[in-house]
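# Observations on chain architecture
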Amino acid sequence: MRHMAIAAGLLLMAITSCAPASAPATGSAAVDRPSRNPSPDAPAEPPKTAHDVALSLPDLTGSQPVGTTSLHLTDTSRPDPWDAGSKSRELMVSLWYPAAKAGGRAAPYMSVKESELTLKNAGVTGVPADLLARTRTHAFSDAPPAGKARTLPLVVLSPGFEKTRSSLTGLAEDLASRGYVVAAISHTHENIATVFPGGRVVTCTACQVQPHDQAFWDKVGATRADDVSFVLDQLTGPRPKWKGSRLIDPDRMAMGGHSAGGASSVAALLKDPRIKAGMNIDGLAIVPVPASGLSKPFLLLGAQATRTPGGQESASWEAAWRHLTGWKRWLVVAGAEHASFTDISLLGEQAGLDTGATLPAARSMEITRAYVAAFLDLHLRGTPQPLLDRASARYPEVKVCAVERKSCA
């Protein structure tokens, strides 16, 4: 029963990420959820006790060992948009980066408090509160960074609405093993819980705001764009907050994310000229691309079931596509669901959950890692990437879309 409780809780985590399309005339906004839920009659694996469940992320594909650390940053130039009584905006940021050597303490997936609150929010009972804190990662806590000054590209990742920054760890630490610095932002008041040093907890104030209409999502996009610019200031400015900041090449920086985080990348690219390229991973286009156009390279990567051109749920992508005037690709993955591009699907499958995806979660992670890395290698390193131009025999699940023909092959 405990095993089934874990699965049920992770299912709730998977289906509550949301980012709307452009608001309809009624003033409401569509919700960005998986295209289907698993059948309640779906067969489960034999029950396990909570202590039998060992969750882990896939092995890294790059050649470099990975370090990780967390930063507590305070932006005194603006109040928190979700807290009327605040005078500043506080953020927690996780960094992953190439490390000088392997060894030391493997980083927890999230803190014990974050694990406790995540499981509680998902309605999971009868399991250890530190279950997600015990999930195995491949990065070493506070390992010394490696690299030459101003040589490492920087990628900023933004999670889905209500999701912690930990949900993109599998992608982030893999990019670090390939020689990137990766910063994942916990957008305070927009996720289940942000835990600050000393144990202070801030929960999802924005989740209580109603209605979640287009004006609401405009605010989310603008807030996240401001958060991203502030983090870039703190990492590449004259008084950087991380000891490895000298390694970052400020001329090679990109931003992307999943769901609302990916959709908000448009706002960040429009706001900040330092960001050279952007990615929206299966998020509806909550921030419209202006008619004047966006000329920076942009990748749309999503589930075939919901993101194929011509479908009802792809309308916001088609509207954005028309105004993307630079390099652009629209790719869909057969058998994937909304959560397939994050750790949520992977960890849920390990716990015995039928997520509704027909593509195994480990394969989804492999594909996400490969195509995101190809996009970044092309636009931040200038390395040609045929993988992005045509169908690949190695990844037959991935379809390159011809938007004008409403088809993907």
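Refer to the structure presented above.
Residues numbered from 1 in each chain as written. Predicted model: local features only at pLDDT ≥ 70, side-chain atom pairs only at ≥ 80, totals over all residues. Heavy atoms only, no water.

## Comments concerning the packing of aromatic side chains
- Taken as a whole, this structure holds nine aromatic pairs when the rule is applied.
- Ring centres of Tyr 97 and Trp 242 lie 5.0 Å apart, and the angle between their planes is 50°; this geometry places the pair in the tilted category. Of this pair, Tyr 97 sits in strand E2 (residues 89–98) while Trp 242 sits in the loop between helix H4 (214–236) and strand E8 (248–258); the two residues are 145 residues apart in sequence, bridging distant segments of the chain. Grouping residues by exposure puts Tyr 97 and Trp 242 together as buried.
- Aromatic side chains Phe 161 and Phe 216 sit 5.8 Å apart centroid to centroid with 90° between the ring planes, which places their arrangement in the edge-to-face category. Of the two residues, Phe 161 sits in the loop between strand E4 (152–158) and helix H3 (169–177) while Phe 216 sits in helix H4, which places them 55 residues apart along the sequence. Comparing Phe 161 with Phe 216, the two get one shared label, buried.
- Aromatic rings pair up to connect Trp 82, Phe 161, Phe 216 and Trp 217 into one cluster.
- The ring of Trp 82 is capped by Lys 219, whose NZ or CZ atom sits 4.1 Å from the centre of that ring.
- The ring of Trp 321 is capped by Lys 328, whose NZ or CZ atom sits 4.4 Å from the centre of that ring. (Phe/Tyr/Trp six-rings, centres within 6.5 Å; stacked < 30°, edge-to-face > 60°. Helix = DSSP H or I, 4+ residues; strand = E, 2+ residues; numbered from the N terminus. Buried < 20%, exposed > 50% of the residue type's maximum accessible area, 1.4 Å probe, protein only. Lys NZ or Arg CZ within 6 Å of the ring centre and 35° of its normal.)

## Describing the environment of Thr 368
- Tracing the chain through its elements places Thr 368 in helix H10 (residues 361–381).
- Residue Thr 368 is classed as buried on the basis of its relative accessible area of 1%.
- For the pair Thr 368 and Val 333, spaced 35 residues apart in the sequence, the C-alpha separation amounts to 9.3 Å.
- Apart from residues no more than four positions distant in its own chain, Thr 368 is found in contact with Leu 171 and Phe 341.
- A polar atom in the side chain of Thr 368 sits 2.9 Å from the backbone oxygen of Ser 364. (Contact = heavy atoms within 4.5 Å. Polar contact = N/O pair within 3.5 Å; in protein donor to acceptor, adjacent residues only side chain to side chain.)

## Digging into the pairing of E4
- Buried residues dominate E4, accounting for seven of its seven residues.
- In E4, alternate side chains face the same way, and those of Leu 152, Leu 154, Val 156 and Ser 158 on one face and Pro 153, Val 155 and Leu 157 on the other are all buried.
- Where E4 lies against E8, six bridges are found, and the strand directions are parallel. Within E8, the position partnered with Leu 157 by the bridge is Gly 256.
- Bridging between E4 and strand E5 (residues 181–186) involves four bridges; their strand directions are parallel. Within E5, the residue paired with Leu 157 across the bridge is Ala 184.
- A crossover connection joins E4 to the parallel E5 through H3; in handedness this β-α-β unit is right-handed. (Pairing = 2+ DSSP bridges. Right-handed = clockwise from strand over helix to strand, strands pointing away.)

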